[in-house]
Structures are given as C-alpha cells and as structure tokens.
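A closer look at the structure
So the chains spell out like this:
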Amino acid sequence: MHPKPAGLGTRLPKILSNAPKGHLYAVYTRNSPMIRYTCGRLSSLIISLIVASLVIFLVIEVIPGDPASFMLGINARADTLAALRTEMGLDQPMYIRYFHWVAGMLQWEFGTSWTYKTPVSELINDRIWVSLPLAIYALILSTLIAFPSGIYAASRRGRAGDVTVIGATQLGVALPNFWFAMILVLIFAIKLRWFSAGGFAGWDNPLLAIKSLTLPAIALALPQAAILARVMRSSLLDMLGEDFIRTARAKGLTRRQALWRHAVRNALIPVLTIIGLQFSFLLAGGIIIEQVFFLPGLGRLIFQSISARDLIVVESVVMLLVFTVIVVNFAVDLAYAAVDPRLRSRT
C-alpha cells in the first residue's frame, strides 16, 4: 500500500521552519487559501469603513444650517452663539473634528447629544435592544416563510402551486412595507385587538416584548420573504438542471430525494448572500416601521435627531449601522467561501 500523503497540518511546521522569518506570513497564507481570502476581505472591510466614515462625516457637515443657531433660535446673541459653538466643538477645523469623532468611536465614545444632553453611547445602548431584536425576529420570520415557499414552488414548477407562490411573491415585493404595517395595525390591533397598535413593553417581560415586536417584524419580514423565496426557487431550478442531479436520478434516486439530498444544499450558496444583505437592510432600514409602531429604536432616534439637527447623534448612529452592514457582509463572504471552495481558489 502507498503511504498516505501528509496533510497541511503535518507539513506546515516543516514548511515554516525552512522559511526565512520575514516570509513566514507569506508562506502560511500561500498554503492556506482560506486565510489568504480572509485577509483580503478584512483589508477591504477596513478600507470600506474608512471611506464610509469620511462620506458620512462630510455629508453631515455640508448640510445647510448651523446646529447652534437652530438650538438658540434666530434672535440669539452673537456672544451666546459663539459660546455654544465652542462648547459643541464647531469652532474647530473640520479635519480635527473628524479625527476626534473617529478616535471616540474606536473607544465607544460618540460624544454627547446636544438635544438629550446625554452621551450618545447611552442612547445607542438603550435603543439597540429594540432595533437588533426586531431585525433578528424579522429575519427569522422571513427565512421560515421563504425557504418552504421557494422549495415548494421549485418542486412544482409550472403547476398551480408554483404559480400561486410566484403571484404571492410578486405581491409581497410590490407592496410597501409601511402600507402593509398600517393594514396589520387596522386588522390585528384595532379590530381584533390581539396586539397593541404601537409602543414597546420593555424586556422586563420577554413575552410582552416579543408580542410588541411581532407586528413590526411581520411588516418587515414579508417583503424580504418574497424576495428570498424567489431567489430560493430560481437557485433550486438551476440546481435541478445540473448534471450531478441527472446522475443522481440515473442511480435510482427519486426527484424528491435528489431535491433534498443534493439540490437544496447546493442551492443555499447564493441564498446566504441574500440573507446577509437582508439582515443589513432590516437593521438599517426599519426607520419607517419604527415610526409607524412608535418603537424607541435606532431608526426612530435617527429620525428625531435629524428633526432636531442633533448631528453628532445622526452621524454616530448612521456610522454604527454602516459598520454593522459591512461586518455582516464580511461574515457572509466568509460563510460563502467556506461553503464554496471555488471562491477561495480564485484569490
């Protein structure tokens, strides 16, 4: 019998011991495509965060109007206005304010809200426990609805079930989620009185908290479920036409067995990307839904801060949401590469 070839774990110490010290990192990444891919994606993440912070800061800075004048009114005295601008740091050059802002974010110090007279980090800590569970709840509902619907439609291509699912998904994509949210309030809160029309009960009673988030989560989840179901159906249909599925059928597997054993698992690869993008949207895009249901989340905080021209809150919360979106996409890319080795080999 031929000896079994040594794997990377056996050869790696010898490779590293024979390599010059300055080339250990290069040798290790060259022999590990996943690490090389991860390092590449991590560098892209850092660049994206730097560019995003610059764009957010500059966009907020060029908005017409002076926050100090807005807070004191048009009849404020010049010395009072100058003192408030100094207190808010608006008298400093733009680049200094930018670096102070970035340095503070790295230490989870976002400054103090000009409207609430409260550290922005405390406002975020209070509000994120509404927005984050809402996004997770909506994503779970979206996935639970979309996966069975997409698989059902793909397994009955061209039949009545497939046509029904396609029609329902087209309706779900076309309807605005805020309009659907108001319909949910009219039916389940006002007429049936199963849920409250708005507000958040708090996490002291988890059941009441989940109940408060149910209607908003449904309003957020259904349009995303329609998109995900269509992607799942298309991906499955592509897989069912592949050669390996025909080979599995030729070996005696039924259509249902080939679908569940081979097609579904391979069809999940592009769906992972959509799920990651949906979570980012659900977390950052719930501003209107939080307004409809009067939820004290990050979206409502942004809306109120824009109205009050509390720019330090707006730019800090938006940057936090952008950071979350970029990190989630980074995690999705890693999961995608772990599932599909071909992606790693291209780097």
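The structure displayed is predicted, hence computed values, not measured ones. (Residues numbered from 1 in each chain as written. Predicted model: local features only at pLDDT ≥ 70, side-chain atom pairs only at ≥ 80, totals over all residues. Heavy atoms only, no water.)

1. Let's talk about the overall build of the protein
Put simply, the rule is: What counts as a helix is a DSSP run of H or I of at least four residues, what counts as a strand is a run of E of at least two, and both are numbered from the N terminus. Summary of the burial criterion: residues with accessible area below 20% of their type's maximum are buried, those above 50% are exposed, and those between are partly exposed, where the area comes from a 1.4 Å probe applied to protein chains only. In this analysis, two residues are considered to be in contact whenever any of their non-hydrogen atoms come within 4.5 Å of each other. We get accessible surface area from the Shrake-Rupley algorithm with a probe of 1.4 Å; when it comes to residues, only the shown protein chains can shield them.
When you go through the protein residue by residue, the secondary structure sums to 16 helices and zero strands. The buried share of the protein, taken over its 347 residues, is 38%. Sequence separation of at least 24 residues holds for 70% of the intrachain contacts in the protein that already meet a minimum separation of 6. Element-wise, carbon and sulfur atoms account for 66% of the exposed surface of the protein, whose accessible area totals about 19,600 Å².

2. Observations concerning the UniProt feature "transmembrane region" (unreviewed entry) in the protein
Quick reminder of the rule: UniProt positions are given in the numbering used here, feature names are shortened, and annotations may be inferred rather than shown by experiment.
When the UniProt feature table is mapped onto this chain, "transmembrane region" (unreviewed entry) is found at residues 42–63, 128–153, 165–190, 210–229, 267–289 and 317–339. Along residues 128–153, the helical share is 100% and the strand share 0%, with 37 Å between the first and last C-alpha atoms. Structurally, residues 165–190 comprises 92% helix and 0% strand, and the distance from its first C-alpha atom to its last is 29 Å.

3. With respect to the side chain of Arg233
Position of Arg233 relative to the elements: it lies in helix H10 (residues 206–240). Taking the relative accessible area as the measure of exposure, Arg233 reaches 17% and is therefore buried.

4. So, the pattern of salt bridges
Short version of the rule: The salt bridge criterion pairs a side-chain nitrogen of Lys or Arg with a carboxyl oxygen of Asp or Glu, the two atoms within 4 Å.
The tally for this structure, following the rule as stated, stands at one salt bridge. When the shortest N-O distance is used, the salt bridge between Arg233 and Asp162 registers 2.7 Å. You can see Arg233 sitting in helix H10 and its partner Asp162 sitting in helix H8 (residues 160–174), a full 71 residues away along the chain. On the basis of relative accessibility, which here comes to 2%, the residue Asp162 falls in the buried class.

5. Brief notes about the nonpolar core
What tends to happen in soluble globular proteins is that the nonpolar side chains get buried as a cluster. What counts is decided by this rule: By convention a nonpolar core is built from buried Ala, Val, Leu, Ile, Met, Phe, Trp, Tyr and Cys residues, the set being connected through side-chain atoms within 4.5 Å.
Trp101, Leu236 and Val317 are the most contacted members of the largest nonpolar core, which has 73 residues in total. When contributions to this core are tallied by element, the ones reaching two or more residues are helix H3 (33–61), helix H6 (94–106), helix H7 (120–155), helix H9 (177–191), H10, helix H12 (255–284), helix H14 (298–307) and helix H15 (311–339). The element contributing the most residues to this core is H10, with 14 residues. When neighbours within four sequence positions are excluded, Trp101 is seen to be in contact with Ser53, Ile56, Phe57, Ile312, Glu315, Ser316 and Met319.

6. Quick word on unusual backbone geometry
Phi at Lys117 is positive, roughly 55°, even though this residue is not glycine. Here Lys117 is to be found in the loop between H6 and H7. The phi torsion at Phe294 lies on the positive side, around 55°, for a residue other than glycine. Classification of Phe294 as exposed rests on a relative accessible area of 52%.

7. A few points about the packing of H9 against H10
Defined as follows: Here an axis means a line fitted to C-alpha atoms, over the contact stretch when the element is a helix, while the angle between two N-to-C directions is reported on a 0 to 180 degree scale. Throughout, the term roughly parallel applies to angles under 35 degrees, roughly antiparallel to angles over 145, roughly perpendicular to angles from 65 to 115, and oblique to all others. With the far helix as reference, a near helix turned anticlockwise by less than a right angle produces a left-handed crossing, and one turned clockwise produces a right-handed crossing.
Between H9 and H10, whose axes approach to 9 Å, the crossing angle comes to 140°. Taken together, the axis directions place H9 and H10 in an arrangement best described as oblique. Seen from above, H9 lies across H10 with right-handed handedness. From H9, Asn177, Phe180, Ala181, Leu184 and Phe188 reach across to H10, where they touch Leu215, Ile218, Ala219, Leu220, Leu222 and Pro223.

8. Some points on the packing of H7 against H14
Worth spelling out the cut-off: Under the grouping applied here, Gly and all other residues not named as nonpolar or charged are polar, the nonpolar ones being Ala, Val, Leu, Ile, Met, Phe, Trp, Tyr, Cys and Pro and the charged ones Asp, Glu, Lys and Arg.
Relative to each other, H7 and H14 sit at 130°, their axes nearing to 8 Å. By the criterion of interaxial angle, the relationship of H7 to H14 is oblique. Two secondary-structure elements touch here, H7 through Leu123, Ile124, Arg127, Ile128 and Ser131 and H14 through Leu298, Gly299, Arg300, Leu301 and Gln304. Grouping the constituent residues of the contact of H7 with H14 by class yields five nonpolar, three polar and two charged.

9. Some thoughts on the layout of surface pockets
The test is simple: Within this scheme a cavity is a closed region of a 1 Å grid, computed over the protein atoms alone, that accommodates a 1.4 Å probe without allowing it to escape, whereas a pocket is open but has protein on both sides within 12 Å along at least five of seven lines; lining residues each have an atom within 4 Å of a point. Grid points are joined across faces, edges and corners, and a volume is the space filled by probe spheres set on the points.
Reported here for the second largest pocket is a volume of approximately 330 Å³. Taken together, 14 residues form the lining of the second largest pocket, with Leu49, Met105, Leu106, Met319 and Phe323 sitting closest to its centre. If you list the elements that add at least two residues to the lining of the second largest pocket, you get H3, H6 and H15. Class assignment of the residues belonging to the lining of the second largest pocket gives a composition of twelve nonpolar, two polar and no charged.

10. Regarding a positive patch on the surface
For the record, the criterion: Only residues whose relative accessible area exceeds 30% and that form no salt bridge are eligible for patches; like-charged ones are grouped when within 9 Å, while nonpolar side chains (Val, Leu, Ile, Met, Phe, Trp, Tyr) are grouped when within 5 Å. Charge assignment in this entry is limited to Lys and Arg as positive and Asp and Glu as negative, and neither His nor the chain termini are counted. To locate a charge, take atom NZ for lysine, CZ for arginine, CG for aspartate or CD for glutamate.
On the surface, Arg157, Arg159, Arg249 and Arg255 cluster together into a positively charged patch. Within the element layout of this structure, Arg159 appears in the loop between H7 and H8. Of the residues examined, Arg159 reaches a relative accessible area of 52% and is grouped as exposed.

11. Focus on the environment of Asn266
Tracing the backbone through its elements, the reader meets Asn266 in helix H12. Of the residues examined, Asn266 reaches a relative accessible area of 27% and is grouped as partly exposed. Residues Asn266 and Met239, 27 residues apart in the sequence, show an inter-C-alpha distance of 7.1 Å.

12. A look at a nonpolar patch on the surface
Together, Leu42, Ile46, Ile50, Leu54, Leu58 and Met94 make up a nonpolar patch on the protein surface, roughly 500 Å² of accessible area in all. With five residues, H3 is the single largest residue contributor to the nonpolar patch. On the basis of relative accessibility, which here comes to 43%, the residue Leu58 falls in the partly exposed class.

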